[in-house]
Amino acid sequence: MPHAVQPAWAMLAYLLAGVLFILSLRGLSSPSTSRRGNRLGMAGMLIAVVTTLITHDVASLPEILVAIAIGGGIGWITARRIAMTDMPQLVAAFHSLVGLAAVLVGIAAYLNPQAFGIVDAAGEILTVSRIEIGLGVAIGAITFSGSVIAFAKLNGNMSGAPIMLPARHVINLGTLIAIIALTGWFSVMPTADSATVFWVMVALSFLIGFLLIIPIGGADMPVVVSMLNSYSGWAAAAMGFTLSNTAMIITGALVGSSGAILSYIMCKAMNRSFISVIAGGFGVDTSASGGPAKEQRPWKRGSAEDAAFLMKEAEQVIIIPGYGMAVAQAQHVVREMGDILKKNGVRVKYAIHPVAGRMPGHMNVLLAEANVPYDEVFELEDINGEFAQTDVAFIIGANDVVNPAAKTDKTSPIYGMPVFDVDKAKTIMFIKRSMGGVGYAGVDNDVFYMDQTMMLLADAKKMVEEIVKALQH
């Protein structure tokens, strides 16, 4: 049973798995070591799974092999077929499965506590185990339902705009208080009388996950993804205590803490507090910072030939990718353009904002897939001082992360958010589909109308392909 004393070799195996998980996180902190980090994480998980199957009477060998074949097959096919541009949706989907797994384990432990070894002599579920089950189920349910909404928003199955329910703060706060109260009540009441409390707690936990994520707009999706990542870790850790599984506790704690730290970094990069993200509403006001009136201001339209000529004559070009590049799947042709420029003696660098795209590291992943050299990719704080000495700032599908309103307009919803100083570059080339669109924050961008800005209105991939053809002539 789970609470039996584990043999020394099993404890050492779990410790080794934990060390590999830590080294995996270390490796994933840099694109150049991310492959090694993935391999270390896979090795650690293999050790943990094999150790658990050997030391626990989980199921018969054929049943285990069938389960591994089904789950592994689905994972293999999904990983092979999924486009890199759809990675945020995939991550959200995986988070939902982790949350659901925690809920199912918690329900199984509640319905059959003897099999989990969490009962006392009188047959009552141990108080500490009740708390673990309650927390694990609640956090897991929130993770599942919240991840489902995040997936739907990211995948386009529902609007990415915030959906504001009447009195949502009162409803959310009331539901959270009810879940906490029911968890406390469940931990002290007799097992025989706890069914109603338990199932109501489960239902409210699923509900609050939907309610928390629905009012969050697309601009906050990087924070939401990392936040749900953290939730899934804490749910796994709570179930690890219920199962007395050291590997689950270590893994859950690592995922939970790293996700929380990443959420903080994302919020700092957007000049937003975690509470303001949860409260939702970022990206509602499309009239902010001038709105439609600013779209009537004069602006200059350029062609692929114009862009190619100016970049050929440049000494340095900084490329700033955004979600538009991901949607157009233009990362490969962008890398091809950069290679041609380098052959012509132009210094090419790529600038990545912490919240560019729809998940942390989204742009880094896309550029890595396109084989962009790691030493050409720079974070905001490392490259922002170079724009004043840059001939061309080439913006492809980004908007909010280059909006000077974040520095100058105190009424703007993105005021205070660190942005790239593209306005200091000698020439700005801005690829977007039309002048009518705004970023996910819902604010217009003064960069569109600057004297040194050339607007390249087209699909990002198509425009860059035309620029590549012009560079080759």
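Quick caveat, the model's predicted, so the values are computed rather than measured.

A. Up close: the overall build of the chain. Each helix and strand counted, the chain has 18 helices and 6 strands in total. In terms of overall dimensions, the chain is globule-like: its C-alpha atoms have a radius of gyration of 25 Å, near the 23 Å expected for 473 residues. With the C-alpha coordinates of the chain rotated into their principal frame, the extents come out at 80 × 50 × 35 Å. Taking all 473 residues of the chain together, the buried fraction comes to 49%.

B. A look at the packing of aromatic side chains. Applying the stated criterion across every chain yields a total of 8 aromatic pairs. Measuring from ring centre to ring centre gives 5.4 Å for Phe186 and Phe198, while their planes differ by 40°; the resulting arrangement is tilted. With Phe186 in helix H7 (residues 168-188) and Phe198 in helix H8 (residues 195-213), this residue pair connects regions lying 12 residues apart in the sequence. For Phe186, a relative accessible area of 0% gives the class buried. A residue is classified by how much of its surface remains accessible, and Phe198, at 0% relative accessible area, is buried. Joined through ring pairs, the aromatic side chains of Tyr110, Phe186, Phe198 and Trp199 make up one cluster. Over the face of the ring belonging to Phe186 we find Arg130, whose NZ or CZ atom lies 5.9 Å from the ring centre. Between the NZ or CZ atom of Lys349 and the centre of the ring of Phe378, over which it lies, the distance is 5.1 Å.

C. Structural view of the nonpolar core. Ranked by size, the top nonpolar core spans 42 residues in total, and within it Met311, Met337, Phe394, Ile396 and Ile467 carry the most contacts. Apart from the residues within four sequence positions on either side, Ile396 is in contact with Ile319, Ile320, Pro321, Gly322, Met325, Ala330, Val334, Ile431, Ala460 and Val464. Counting residues in hydrophobic clusters, the runner-up holds 40 residues, among them Tyr110, Phe116, Ile142 and Leu211.

D. Inspection of the pairing of strand S5 (residues 427-432) at higher detail. Burial of S5 is extensive: 6 of the 6 residues sit out of reach of the surface. Neither face of S5 is exposed, since Thr427, Met429 and Ile431 on one face and Ile428, Phe430 and Lys432 on the opposite face are all buried. Bridge count between S5 and strand S6 (residues 453-457): 5 bridges; the pairing is parallel. Pairing of Phe430 across the sheet is with Met455, part of S6.

E. Examining a nonpolar patch on the surface more closely. A surface patch of nonpolar side chains, amounting to about 610 Å² of accessible area, comprises Met45, Val49, Leu53, Val58, Leu61, Leu65 and Ile68. For the nonpolar patch, the secondary-structure elements that each account for two or more residues are helix H2 (34-55) and helix H3 (61-81). Tracing the backbone shows Met45 in helix H2. For Met45, a relative accessible area of 40% puts it in the partly exposed group.

F. Spatial organisation of the sheet that holds S6. Taken in spatial order, the 6 strands make up an open sheet running S3-S2-S1-S4-S5-S6, and their pairing is parallel. If you trace the sheet from one side to the other, it starts and ends with strand S3 (377-379) and S6, each paired once. Geometrically, the sheet is characterised by an average inter-axis angle of 25° between neighbouring strands, direction not taken into account. Judged from the 4 bridges that link them, strand S1 (residues 316-321) and strand S2 (residues 347-352) form a sheet pairing that is parallel. Paired with Ile319 across the two strands is Tyr350, which belongs to S2. Sheet strands touched by helix H18 (residues 460-471): strand S4 (392-396), S5 and S6. Its angle to S4, the strand with the most contacts, is close to 145°.

G. How the structure looks around the side chain of Ser96. Along the chain, Ser96 turns up in helix H4 (residues 87-111). A residue is classified by how much of its surface remains accessible, and Ser96, at 9% relative accessible area, is buried. Beyond its immediate sequence surroundings of up to four residues, Ser96 is in contact with Thr143, Phe144, Ser147 and Val148.

H. Molecular detail of the pairing of S6. With respect to burial, S6 is a largely interior element, 5 of its 5 residues being buried. By the alternation rule, side chains of S6 split into Thr453, Met455 and Leu457 and Met454 and Leu456, which are all buried.

I. Here's a closer look at helix H10 (residues 246-269). For H10, with 24 residues, the first-to-last C-alpha span of 34 Å sits near the 34 Å given by 1.5 Å per residue. Buried residues of H10: Ala247, Gly252, Leu254, Gly256, Gly259, Ser263, Met266, Cys267 and Ala269, and no others. At the N-terminal boundary of H10, the capping side chain belongs to Asn245, with an oxygen 3.0 Å from the backbone nitrogen of Ala247. One or two positions beyond H10, positive phi appears at Asn271, with a value near 55°.

J. Representation of a negative patch on the surface in the model. Taken together, the side chains of Glu305, Asp306, Glu336, Glu465 and Glu466 make up a negatively charged region of the molecular surface. Of all the elements in the fold, those that place two or more residues in the negative patch are helix H12 (304-312) and H18. As for its placement among the helices and strands, Glu466 is situated in helix H18.

K. Up close: unusual backbone geometry. Residues other than glycine seldom take positive phi values, yet Ser244 does so here, at roughly 55°. Look at Gln329: it is not a glycine, yet its phi comes out positive at around 55°. Residue placement: Gln329 occurs in the loop between helix H13 (323-328) and helix H14 (331-343).

L. A look at the environment of Pro360. Relative to the assigned elements, Pro360 resides in the loop between S2 and helix H15 (362-369). Considered as a pair, Pro360 and Asp446 are 86 residues apart in the sequence and their alpha carbons are 26 Å apart. With sequence-adjacent residues up to four places away left out, Pro360 is seen in contact with Pro222, Val225, Ser226, Leu262 and Met266.

The rules behind these values
Residues numbered from 1 in each chain as written. Predicted model: local features only at pLDDT ≥ 70, side-chain atom pairs only at ≥ 80, totals over all residues. Heavy atoms only, no water. Helix = DSSP H or I, 4+ residues; strand = E, 2+ residues; numbered from the N terminus. Rg over C-alpha atoms; globule rule 2.2 N^0.38 Å. Buried < 20%, exposed > 50% of the residue type's maximum accessible area, 1.4 Å probe, protein only. Phe/Tyr/Trp six-rings, centres within 6.5 Å; stacked < 30°, edge-to-face > 60°. Lys NZ or Arg CZ within 6 Å of the ring centre and 35° of its normal. Core = buried A, V, L, I, M, F, W, Y, C linked by side-chain atoms within 4.5 Å. Contact = heavy atoms within 4.5 Å. Pairing = 2+ DSSP bridges. Patch = residues over 30% accessible without salt bridge, like charges linked within 9 Å, V, L, I, M, F, W, Y side chains within 5 Å. Areas by Shrake-Rupley, 256 points an atom, 1.4 Å probe, with all protein chains shown as cover. Salt bridge = Lys/Arg side-chain N within 4 Å of Asp/Glu carboxyl O. Axes fitted to C-alpha atoms, helices over the stretch in contact; angles between N-to-C directions. Expected span 1.5 Å × (residues − 1). Polar contact = N/O pair within 3.5 Å; in protein donor to acceptor, adjacent residues only side chain to side chain. Lys, Arg positive; Asp, Glu negative; His and termini not counted. Charge placed at Lys NZ, Arg CZ, Asp CG, Glu CD.

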